[in-house]
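# A structural walkthrough
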Amino acid sequence: MTEPLFEKLALIGIGLIGSSIALNAKASGLARHVAITTRRKETLAKAEALGLGDSYHLEAAEAVKDADFVILCVPVGVCGAITREIAPHLNAGAIVSDVGSVKAAVIGQMAPHLPQGVQFVPAHPLAGTEHSGPEAGFPELFRNRWCILTPLAETDPEAVERVKAFWEAMGANVEAMTAEHHDLVLAIVSHVPHLIAYNIVGTAADLEEVTQSEVVKFSASGFRDFTRIAASDPTMWRDVFLTNRDAVLEMLARFSEDLASLQRAIRWGDGDALFDLFTRTRAIRRNIIEAGQDTAQPNFGREPGSETKPQG
Ligand SMILES: NC(=O)C1=CN([C@@H]2O[C@H](COP(=O)(O)OP(=O)(O)OC[C@H]3O[C@@H](n4cnc5c(N)ncnc54)[C@H](O)[C@@H]3O)[C@@H](O)[C@H]2O)C=CC1
Ligand SMILES: O=C(O)C(=O)Cc1ccc(O)cc1
């Protein structure tokens with residue numbers, strides 16, 4: 001047990017990320033009191049049955065009362081509306097954060113509603129799975145993973161340090177960068193790959209000459225990996241593509257150009273071009289494994305002997 005970093009942590013939204021934070025914060029004593037709020041009473045009841053927090057609220061305004069740390073763990077498209085709703089009830093001096101996969105648009109939606117004196121430290125843990133909801137969380141989710149902070153120019157550095165300490169206590173490595181740079185990097189390493197997965201599974205599902213049962217029966221491991229990603233939450237990913245539009249479109253344009261040259265290499269039998277690319281990409285994979293970032297390895301990021309649950 002660590003000395004609590006915060007007296008009262010309010011989690012708004014209790015899906016995969018919110019429940020993982022709650023489980024970790026309670027197990028490690030990072031916050032003296034964990035207040036949970038979500039809009040649907042069925043979800044709140046599940047969170048309570050799982051014992052994720054210390055108090056449960058259908059009204060976000062009630063949960064944030066007297067909280068010194070508030071984290072929005074909801075789809076990025078609703079961050080603005082929720083911030084507007086909680087703003088009048090925030091404690092002076094409270095730190096407000098989020099976990100959204102997109103940063104510039106979320107800052108644009110949230111910052112205008114936050115009262116003076118409240119510190120805003122946007123965050124994005126680069127850790128997740130294709131599962132969602134309060135049952136999907138597990139406390140080790142963030143261990144050995146990155147958490148990116150994108151503080152605003154006016155954010156108090158002391159608040160940034162406290163949020164950094166919180167994520168480090170969760171087991172994450174923390175790095176700060178601008179929201180715009182975050183969105184560009186994430187477009188290529190996360191958002192476009194998800195779009196490709198949704199697309200290839202959609203294409204396979206639409207094939208007229210191949211039946212659905214053949215797709216299921218003969219799916220080789222490459223295609224199965226795509227289906228895992230393509231099973232990710234539709235609301236969350238709809239919001240990611242609508243809010244990181246420019247960076248995703250820029251990376252997609254580059255992707256399409258490179259795909260066209262692969263098409264040309266196949267058409268003209270240019271084996272050297274294919275071999276050279278596949279050799280370069282194999283080296284990238286090896287670098288990822290050497291850096292210890294391969295989440296497909298068994299027990300990645302977990303203590304030996306701990307429960308095995310699917311991770312990204
Ligand atoms: N799933 C993943 O792998 C990762 C997700 N993220 C980000 O974390 C955030 C949450 O994602 P997950 O936990 O995966 O989603 P989830 O679908 O598991 O949970 C979302 C939660 O938000 C609640 N919610 C939705 N609309 C709401 C509203 N208007 N008011 C109050 N509560 C509302 C839902 O009831 C649910 O409790 C998203 O912004 C996502 O971009 C960040 C890293 C990884
Ligand atoms: O499940 C996977 O492979 C992921 O890529 C999880 C993930 C999804 C969204 C994020 O913003 C960060 C991580």
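How each quantity is defined
- Residues numbered from 1 in each chain as written.
- Chains lettered and ligands numbered in written order.
- Predicted model: local features only at pLDDT ≥ 70, side-chain atom pairs only at ≥ 80, totals over all residues.
- Heavy atoms only, no water.
- Helix = DSSP H or I, 4+ residues; strand = E, 2+ residues; numbered from the N terminus.
- Rg over C-alpha atoms; globule rule 2.2 N^0.38 Å.
- Buried < 20%, exposed > 50% of the residue type's maximum accessible area, 1.4 Å probe, protein only.
- Contact = heavy atoms within 4.5 Å.
- Areas by Shrake-Rupley, 256 points an atom, 1.4 Å probe, with all protein chains shown as cover.
- Near = heavy atom within 4 Å.
- Polar contact = N/O pair within 3.5 Å; in protein donor to acceptor, adjacent residues only side chain to side chain.
- Domains from an automatic or database assignment.
- Buried area = accessible area lost by both parts, 1.4 Å probe.
- Salt bridge = Lys/Arg side-chain N within 4 Å of Asp/Glu carboxyl O.
- Nonpolar A, V, L, I, M, F, W, Y, C, P; charged D, E, K, R; others polar.
- Core = buried A, V, L, I, M, F, W, Y, C linked by side-chain atoms within 4.5 Å.
- Pairing = 2+ DSSP bridges.
- Axes fitted to C-alpha atoms, helices over the stretch in contact; angles between N-to-C directions.

- In the annotation of an unreviewed UniProt entry, the entry for the protein chain reads Prephenate/arogenate dehydrogenase family protein, and the organism field reads Jiella pelagia.

## Remarks on the overall build of the protein chain
- Per the secondary structure count, the protein chain includes 12 helices and 9 strands.
- For 312 residues, the compact-globule formula gives about 20 Å, and the C-alpha radius of gyration of the protein chain, at 21 Å, lands near that figure.
- Along the longest, intermediate and shortest principal axes, the C-alpha atoms of the protein chain span 65 × 40 × 40 Å.
- Burial statistics for the protein chain: of 312 residues in total, 44% are counted as buried.
- When contacts within the protein chain are restricted to residue pairs at least 6 apart in sequence, those whose partners lie at least 24 apart make up 74%.
- Only carbon and sulfur atoms are counted for the fraction: they give 55% of the accessible area of the protein chain, which is about 16,600 Å².

## Brief notes about the site of ligand 1
- Taken together, 25 residues lie near ligand 1, and Leu-16, Ile-17, Val-74, Ser-101 and Gly-133 sit nearest.
- One of the backbone nitrogen or oxygen atoms of Val-74 is found 2.7 Å away from an oxygen atom of ligand 1.
- Among the elements of the structure, α1 (16–28) and β7 (123–125) are those that each provide at least two residues to the shell around ligand 1.

## Here we look at the site of ligand 2
- Within the structure, ligand 2 sits among 12 residues, and Ser-101, His-124, Thr-129, His-194 and Arg-228 are positioned closest to it.
- Between an oxygen atom of ligand 2 and a side-chain N or O atom of Ser-101, the distance comes to 2.7 Å.
- A distance of 2.7 Å is found between an oxygen atom of ligand 2 and a side-chain nitrogen or oxygen belonging to Arg-228.
- Bound to the protein, ligand 2 loses 84% of the 340 Å² it would expose on its own.

## Focus on the domain arrangement of the protein chain
- What the domain assignment lists for the protein chain is domain 1 (6–178) and domain 2 (181–301).
- The C-alpha-based centres of domain 1 and domain 2 are spaced at 29 Å.
- On the domain 2 side, the residues contacting the 24 residues of domain 1 number 19 residues.
- Among the residues of domain 1 in contact with domain 2, Ser-101, Val-102 and Glu-130 are the three that bury the most area, contributing 31% of the side total.
- Summed over the shared surface of domain 1 and domain 2, the number is 1 salt bridge.
- Inspection of the domain 1/domain 2 interface yields 8 residue pairs in polar contact (both at pLDDT 80 or more).
- When residues of the side of domain 1 that touches domain 2 are traced back to their parent elements, those giving at least two are α5 (104–110) and β8 (146–149).
- For the side of domain 1 that touches domain 2, the leading source of residues is α5, giving 3 residues.
- A breakdown of the residues in the side of domain 1 that touches domain 2 according to their chemical character gives 10 nonpolar, 9 polar and 5 charged.

## What about the nonpolar core?
- By size, the foremost hydrophobic cluster in this structure holds 38 residues, and its most contacted members are Leu-9, Ile-21, Phe-166 and Trp-167.
- Contributions of two or more residues to this core are made by β1 (6–12), α1, β2 (31–37), α2 (41–49), β4 (69–72), β8 and α6 (157–169).
- Setting aside anything within four residues of it in sequence, one finds Phe-166 in contact with Leu-5, Phe-6, Leu-9, Ile-21, Leu-30, Phe-69 and Ile-71.
- Listed in part, the 22 residues of the second largest apolar core include Ala-10, Ile-12, Val-96 and Phe-120.

## Digging into the sheet that holds β2
- Spatial strand order, β3-β2-β1-β4-β5-β6: 6 strands in an open sheet with parallel pairing. Both edges of this open sheet fall to β3 (55–57) and β6 (119–120), since each of them pairs with a single strand only.
- Where strand β5 (residues 95–98) and β6 come together, 2 bridges link them in parallel fashion. Across the sheet, residue Ile-95 finds its bridge partner in β6, namely Gln-119.
- Along the sheet face, helix α4 (residues 79–86) touches β1 and β4 and points at about 150° away from the line of β4.

## Re helix α10 (residues 234–243)
- Burial in α10 covers these residues: Trp-237, Asp-239, Val-240 and Phe-241.
- Next to the buried residues of α10 lie α7 (179–206) and α11 (245–267).

## Quick notes on the pattern of salt bridges
- Tallying each qualifying case throughout the model produces 10 salt bridges.
- With a closest N to O distance of 2.8 Å, Lys-26 and Asp-54 form a salt bridge. With Lys-26 in helix α1 and Asp-54 in the loop between α2 and β3, the pair connects residues that are 28 residues apart, well separated along the chain.
- Using a relative accessible area of 32% as the deciding quantity, one classes Lys-26 as partly exposed.
- Among the ionic pairs, Lys-103 bridges to Asp-98, the shortest N-O distance being 2.8 Å.

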